[in-house]
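Take a look at the letters that make up each chain.
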Amino acid sequence: MSETQWNVEGQGGKGSQAEVPDVLPLLPIRDIVIYPYMMLPLFVGRDMSIRAVEESLSRDRLIFLVAQKNSAEDNPTPDDIYRVGTVASIMRMLKLADGRVKVLVQGLSKGEVENFLRERPFFEVKIRKVVEPALQEVSIEVEALTRNVKEKIEQILNLKNLPPEIVMVTDNISDPGVLADLVASNLRLKIEESQGILEIFDPVARLKKVNELLSRELELSTVQARIQNQAKEEMSKTQRDYFLREQLKQIQQELGEGDERTEEINDLKKQIEKAKMPLEIKRESEKQLKRLEQMHPESSEASLVRTYLDWLVDLPWSKKTKDNLDIQKAKEVLDEDHYNLEKVKERILEYLAVNKLRRKIKGPILCFVGPPGVGKTSLGKSIARALGRNFVRISLGGIRDEAEIRGHRRTYVGALPGRIIQGIKQAGSNNPVFMLDEIDKVGADFRGDPSAALLEVLDPEQNHAFSDHYLNLPFDLSNVLFICTANLLDPVPAALADRMEVIQLSGYTNEEKLEIARKFLNPRQLEDNGIPKGHLEISDDAVLRIISQYTKEAGLRNLEREIASICRKVARRIAEEKKEPVRVTRANLHLFLGTAKFLPEAEQEKHEVGVATGLAWTSAGGEVLYVEASLSKGRGNLTLTGQLGEVMKESAQAAVSYSRSHAKKLGIEEDFYQKLDIHIHVPAGAIPKDGPSAGITMATALISALTKRPVRCDVAMTGEITLRGRVLPVGGLKEKCLAAFRAGIRTIVVPDRNQKDLDEIPKPLRRKLSLVVAKNMSDVLKAALLEKIGKISAGTSIAARKSKGTKGKQRKRGEKPLEKVRRERVVPLRA
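No experiment lies behind these values; they were computed from the predicted model shown.

## Section: the overall build of the chain
Across its full length, the chain holds 28 helices and 27 strands. In the chain, buried positions account for 47% of the 831 residues. Look at the contacts in the chain between residues 6 or more apart in sequence, and 76% of them connect residues 24 or more apart. Of the accessible surface of the chain, which amounts to about 43,300 Å², a share of 49% is contributed by carbon and sulfur atoms.

## Some remarks on the sheet that holds strand 9 (residues 391–395)
On the basis of which strands lie adjacent, the open sheet formed by five strands has the order 9-10-13-8-14 and parallel pairing. The strands lining the two open edges of the sheet, one partner per strand, are strand 9 and strand 14 (501–504). Adjacent strand axes in the sheet meet at a mean angle of 20° when their direction is disregarded. Taken together, the five bridges between strand 8 (residues 365–369) and strand 13 (residues 481–486) define a ladder with parallel strand orientation. Bridging from a neighbouring strand, Phe368 pairs with Thr485 of strand 13. Running over the sheet, helix 14 (residues 419–427) touches strand 9 and strand 10 (433–437) and is turned about 150° from strand 9.

## Considerations on the nonpolar core
Residues Leu26, Phe64 and Leu65 are the most contacted members of the largest nonpolar core, which totals 62 residues. When neighbours within four sequence positions are excluded, Leu65 is seen to be in contact with Leu27, Ile29, Ile34, Leu42, Gly85, Thr86, Ala88 and Val105. Ile365, Ile439, Leu471 and Leu496 belong to the second-largest nonpolar core, a separate cluster that totals 53 residues.

## Structural notes on helix 27 (residues 777–784)
Each α-helix turn comprises 3.6 residues. Residues three or four places apart therefore point the same way. Among the residues of helix 27, Met777, Val780, Leu781, Ala783 and Ala784 are the ones counted as buried. Along the axis of helix 27, the buried positions cluster into a sector of 165°, meaning they face one direction only.

## Some details on the packing of aromatic side chains
This structure, assessed with the given rule, holds four aromatic pairs. Ring geometry for Trp317 and Phe475: centres 5.0 Å apart, planes at 50°, overall tilted. Placement of Trp317 in the loop between helix 9 (300–314) and helix 10 (327–337) and of Phe475 in strand 12 (residues 474–475) is noted, with a sequence separation of 158 residues between them. In terms of burial, Trp317 and Phe475 fall into one category: buried. Stacked on the ring of Tyr308, the Lys or Arg Arg410 has its end atom at 3.9 Å from the ring centre. Between Lys425 and the ring centre of Trp311, over which it is positioned, the NZ or CZ distance is 4.0 Å.

## Digging into the environment of Pro764
Examined against the element boundaries, Pro764 turns out to sit in helix 26 (residues 763–768). Judged by relative accessible area, Pro764 falls into the partly exposed class, the value being 38%. Separated by 255 residues in sequence, Pro764 and Thr509 place their C-alpha atoms 9.1 Å apart.

## Comments concerning the packing of helix 24 (residues 695–707) against helix 27
At their nearest, the axes of helix 24 and helix 27 sit 10 Å apart, and the two run at 60° to each other. In terms of orientation, helix 24 and helix 27 fall into the oblique class. By crossing handedness, the relation of helix 24 to helix 27 is classed as right-handed. Across the interface between the two elements, Ile696, Ala699, Thr700 and Ile703 from helix 24 touch Met777, Val780, Leu781 and Ala784 from helix 27. Here the contact of helix 24 with helix 27 is built from residues that sort into seven nonpolar, one polar and no charged.

## A few points about the pattern of salt bridges
Opposite charge on two side chains lets them pair, provided their charged atoms get close. If you walk through the whole model with that rule in mind, you get 39 salt bridges. Across the pair Arg291 and Glu301 runs a salt bridge, and its minimum N-O distance is 3.0 Å. Here the residue Arg291 occupies a position in helix 8 (residues 279–294), and Glu301 occupies one in helix 9, the gap between them amounting to ten residues. Using a relative accessible area of 35% as the deciding quantity, one classes Glu301 as partly exposed. The salt bridge partner of Glu456 is Arg406, with a shortest N-O separation of 2.5 Å. With Glu456 in helix 15 (residues 450–457) and Arg406 in helix 13 (residues 403–406), the pair connects residues that are 50 residues apart, well separated along the chain. By relative accessible area, which is 13% here, Glu456 ends up buried. Note on Arg406: relative accessible area 15%, which makes it buried. Through salt bridges with shared partners, one network takes in Glu55, Arg59, Arg118 and Glu124.

## Brief notes about the pairing of strand 10
Counting buried residues along strand 10, five of its five residues qualify, which places the element largely inside the surrounding structure. Alignment of strand 9 against strand 10, held across five bridges, turns out to be parallel. If you follow Phe391 over to strand 10, its bridge partner there is Val433. Where strand 10 and strand 13 come together, four bridges link them in parallel fashion. Its bridge partner lying in strand 13, Leu436 is registered against Cys484.

## Quick notes on helix 4 (residues 176–186)
Here helix 4 lies mainly inside the structure; ten of its eleven residues are buried. Restricting attention to buried positions, one finds in helix 4 the residues Pro176, Gly177, Val178, Leu179, Ala180, Asp181, Leu182, Val183, Ala184 and Ser185.

## Details of unusual backbone geometry
In the segment running from Arg120 into Pro121, the intervening peptide bond is cis, with an omega of 0°. Relative to the elements of secondary structure, Pro121 occurs in the loop between strand 6 (101–118) and strand 7 (123–129). Positioned with a positive phi, Glu577 is a non-glycine residue whose angle comes to about 70°. Residue placement: Glu577 occurs in the loop between helix 19 (557–575) and strand 16 (582–584). Not every positive phi belongs to a glycine, and Lys708 is a case in point at roughly 65°. Within the secondary structure, Lys708 is located in the loop between helix 24 and strand 22 (715–717). Lys708 gets classed as partly exposed once you look at its relative accessible area, which sits at 48%.

## Re the packing of helix 7 (residues 260–275) against helix 8
Two numbers describe how helix 7 lies on helix 8: the axes approach to 11 Å, and their chain directions differ by 180°. Between helix 7 and helix 8, the angle falls in the class roughly antiparallel. Contacts between helix 7 and helix 8 involve Arg261, Ile265, Leu268, Lys269, Ile272 and Glu273 from the first element and Lys282, Ser285, Glu286, Leu289, Leu292, Glu293 and Gln294 from the second. A class-by-class count of the residues in the contact of helix 7 with helix 8 yields five nonpolar, two polar and six charged.

## Some thoughts on the confidence of the model for the chain
Close inspection of predicted coordinates is inappropriate for parts of the model with low pLDDT. With 90% of its residues at a pLDDT of 70 or more, the chain shows a mean pLDDT of 81. A low-confidence stretch, residues 9–18 stays under pLDDT 50, and its non-local contacts, those more than four residues away or across chains, total twelve contacts. A low-confidence stretch, residues 791–831 stays under pLDDT 50, and its non-local contacts, those more than four residues away or across chains, total 70 contacts.

Calculation rules
Residues numbered from 1 in each chain as written. Predicted model: local features only at pLDDT ≥ 70, side-chain atom pairs only at ≥ 80, totals over all residues. Heavy atoms only, no water. Helix = DSSP H or I, 4+ residues; strand = E, 2+ residues; numbered from the N terminus. Buried < 20%, exposed > 50% of the residue type's maximum accessible area, 1.4 Å probe, protein only. Contact = heavy atoms within 4.5 Å. Areas by Shrake-Rupley, 256 points an atom, 1.4 Å probe, with all protein chains shown as cover. Pairing = 2+ DSSP bridges. Axes fitted to C-alpha atoms, helices over the stretch in contact; angles between N-to-C directions. Core = buried A, V, L, I, M, F, W, Y, C linked by side-chain atoms within 4.5 Å. Arc of directions from axis to C-beta. Phe/Tyr/Trp six-rings, centres within 6.5 Å; stacked < 30°, edge-to-face > 60°. Lys NZ or Arg CZ within 6 Å of the ring centre and 35° of its normal. Parallel < 35°, antiparallel > 145°, perpendicular 65-115°, else oblique. Left-handed = near helix turned anticlockwise from the far one by under 90°. Nonpolar A, V, L, I, M, F, W, Y, C, P; charged D, E, K, R; others polar. Salt bridge = Lys/Arg side-chain N within 4 Å of Asp/Glu carboxyl O. pLDDT = per-residue confidence, 0-100.

Dropping the structure here:
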């Protein structure tokens, strides 16, 4: 549609309205309302509309133009068409190639539909001519209203930078009705609003309505102009800054000075040269630097490239620390920091020796596996100090995202390298001691499996070209000494465990704990609590009592907490001006730590029928485990309780089968299983237990109950049983022996094929224990069972037997023994 034109020359001669016939063809038009004296082209495409145009041309070229209520309606009915429209004259018609017709129409006068005479093949209506009331004279109010409308039009034109010809047209119009129609046709009004103005027949009322709409349009134009000006100001400011920068750059070049950006680029070039990168890395760095030079400094891509280059130049591609190759000095450092742990120290010294002879070797991948508190993490720091290397530690506990190890790709917002590359940068050298703590606590979810990403990191054949997702370039990790720590090796994937050299760290004996407390824990706690030298002395007997009665652990954390508790109480005394020296002995220990927390279990006090003492291994060290068997009249049912796992239940069934098959040899009625129900229980019931090593313990308790022979309460045992009665080897022997020793048990039955593991038990502990080697169940029963109750009282306690030949005050008959505090175990067991 072309620009609307107005023919106002004949506006005074409204007598032409008399020449308009009453019956005219109707043309429904969409998206526009035609006003009198308005001239514009229309494109007609609908069949009924084209026929209406042709009918008009065949008569007197007059047609009635009315707006549709809904412009989307292709086949309007009389209800879809407004009643008030404009009689127009078709000035020109042109048929187009696509079948449409282009007509140029000029509005003549208003009309109103009285009724529809025809709907097919085109609309034909009878109209009533609308004669607007003529103004006899122009009042002051109408003059003021007219001027107000013209001024607002002029303001809107200035805001929108439109041509001034429109103002000239409005200045020549004196009729308020024509002025209102002219303004309404040029405002961006909705169809409903335009039609509403057309239907106001009073010229003054129509001009008032248009004035209101002009006020709204002026306000919108003002806001729109302000927004455009702000945008232009921002653009002009940016352009101005750009031109000024370019001018400044030219001035600095003339003066021989460089701008900040040039200095930054030059600085990055120097850092790339200084980093001594491998050739491939250097090429990529120079390529990214060229990209940065060509980018606008304020663009987001430039900041990403700048960050990437910062990471590349900060990584220690060729920086490495010099190893301390003095093996004797390294041994002194290791001994200074940790007591015992000979296996680990020997492995580190071997690595140093090979490095000294060959100079270029791949860093080993070590994995320290042991219960909490035995010094795995602190051992890593000590190794770094002994080698003279930097130390980095990251905790893998709870990590579930593979990107934590490999990093994010640079396409992501806020992307960073993974923890491995970050650790290398933090170390500042490419050969640090890198500790991956708690590798058995790594999880996996929808974001990937971090342990799978560690396969490349911890493989000496692959990690010489480790590729981080962020860097997307190979980094050599072969010089790094990786040390992993874990409490259990079971959760670690087999492929990952296969890449590591596993070193088991067992729990400490009481003598070892005493030595560690004397050399390390006591001095550290005295210093941490601010106690001056000579104000506190803890005797060896007191430390041993803390170990045996206040802690039950494989490591040293609780022991250090108890020593810290003593130091805090002494620190309070010193703060209260009580400065006399304090000596903590076995006798006054309860004044500082209260009553003992762990005492022997009630089952240890006497020999009992159907109660055997077993040994179990947990992630926190060894544990003593009691197995109870009882018989009752029944039909041979077997009941197993105590939250036993499947393997442990099968061990109990194997014990019953062994007892049935060897009943005659054991002196048991051969049909006992038909008359008796067997119940085997392993306290405590709330703790899950599993594993095969309680097999001989269950068999001993069951056979004791069937033969009425008591089990010695000072004997503990461990081993797997077969249906033929063979005793198979088990693991964790050192921890189990330590647990038995802590519980006051000195005789331990172990499988014959575990003799090779006895060397792991410290010699001082082996001298205090009586180790019975068993090939089959007969060896176990021989060591564990006593004669029948008739020959030796089942209630005879060890304490009573020991006290027969001793001097001192005896307990009176009828006097009750001191009540024992039963300890609670909260660590899940694996028998």
